Amino acid sequence: MSRVGGVELVSRLLATTVALFLLLSVCSSLAGFEATRTSLDQHESSDSFKTSEPNSTNPTIEEMIAQVSEQDLEKYIQDLQDFGTRYAYTTQCNESAQYIYDEFDKYEALEVESQYFVYNDHTMRNVVATLPGFNTTNNSIYIISAHYDSIVNYPFNPYESAPGADDDASGVAAVLETAKIFSKYRFESTVRFVTFSAEELGLFGSRYYAGQAKSNYDDIEGVIQFDMIGYTGSDDKPDLDIIGDNQSEWLVDLMNDTNDRYGIGINFDKIIDSTLTWSDHSSFWDERYCAICGIEDQEDFNPYYHTPYDYRQTQSCFCK
Ligand SMILES: [Zn+2]
């Protein structure tokens, strides 16, 4: 159980849900949300977290947190696991990309596109949804990302079964749910929701994305990648390691402060180590962008990692 904003949360997807609370809080602060909904045809000045009093919380952020639907999170993870495998070379992986595309496309405020790239003679794609910022003099972009492809290690066969519920349907679910909630608001900066392919083959989707962004002079201020946030662990507590390099330490600290400020209740481990390059955040480091990665506690790691047993049902003891 966890307490968020004074409310006790009993959750079947505890780790994913609280990680999502943190993601929503941090990103809405960073991107400078408006106090009003888009449906109200009025722009009030953004009361950004960055300018608020220490330890104060923002009611709009709490309103966003309250909109998180655990049923939706479960559905995204279940739907993604139901493709059987999302190994990047398979047609099922491509179908799962279309599923993500269609989910983003439900929200009118988002501009959705597939970014195609070729790896090893196979055409693959990243799925990108953009929520344009309302301040046209501000080119800043914040990225919320995860990888949707999956894999299993020998002796298992990734063409047969790679459900990848924790790795990384959990991260994709957080991206989709954030997109759903954010699409009801307007932000000063542009927010992009990006799901990568071919992470498991060697970060090829994100390398392509970050390289293109650099050559387009995209002004990416920060990237938050979530990769494996579903497993609560044997202690049944929501733990999160947040990994950054020196350049992005401010973003790790902001995550930590927000976790405390909103009483989100994650056991938070700050790790500044530029040698931890095993997920898509490091493709952005290579292009000198600030990026961090959230992952469940490495000391209490998912025993079903890269096996055909990485199901939604094996993520938490609440899931029977
Ligand atoms: Zn992963």
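Above: the structure in question.
Report on the accompanying structure. Residue numbers run consecutively from 1 along every chain, following the written order of its sequence. pLDDT decides what is reported in this predicted model: residues at 70 or higher carry local features, side-chain atom pairs at 80 or more are listed and counted, and totals for whole chains, interfaces and linings draw on all residues regardless.

Details of the sheet that holds strand β6 (residues 141-147)
The sheet built from 8 strands is open, its strands ordered β4-β5-β8-β6-β9-β12-β10-β11 with mixed pairing. Every other strand in the sheet has two partners, leaving β4 (111-119) and β11 (267-272) as the edge strands with one partner each. If you compare each strand with its neighbour and ignore which way they point, the axes differ by 20° on average. The pairing of strand β9 (residues 220-226) with strand β12 (residues 291-295) spans 4 bridges and is parallel. From the neighbouring strand, Gln225 faces β12, where its bridge partner is Cys293. Strands β9, β10 (239-244), β11 and β12 of the sheet are contacted by helix α7 (residues 249-261), whose axis makes an angle of about 170° with β11. Paired strands are those between which DSSP finds at least two bridges. Every helix listed is a DSSP run of H or I at least four residues long, and every strand listed is a run of E at least two residues long, numbered separately from the N terminus. Whenever a helix is involved, its axis is fitted only over the stretch in contact; in every case the axis is a line through C-alpha atoms, and angles between N-to-C directions fall within 0 to 180 degrees. Once C-beta atoms have been placed from the backbone, residue pairs whose C-beta atoms lie within 7 Å are recorded as contacts.

Comments concerning unusual backbone geometry
At the junction of Tyr154 and Pro155, the peptide bond is cis and its omega measures out at 15° in the coordinates. Note on placement: Pro155 falls in the loop between β6 and α5 (165-182). Between Asp167 and the following residue, Asp168, the backbone shows a cis peptide bond with an omega angle of 0°. Although it is not a glycine, Tyr217 adopts a positive phi angle of roughly 60°. Inspection of the secondary structure assignment puts Tyr217 in the loop between α6 (204-215) and β9.

A closer look at the pairing of β9
Residue burial is a threshold on neighbouring C-beta atoms within 10 Å of the residue's own C-beta, all placed from the backbone, with 20 or more meaning buried, 12 or fewer meaning exposed, and counts in between meaning partly exposed. The buried fraction of β9 amounts to 6 of the 7 residues, a majority that puts the element mostly inside the structure. Here 5 bridges tie β6 to β9, and the two strands are oriented parallel to one another. In the strand pairing of β9, Ile143 is matched with Val223.

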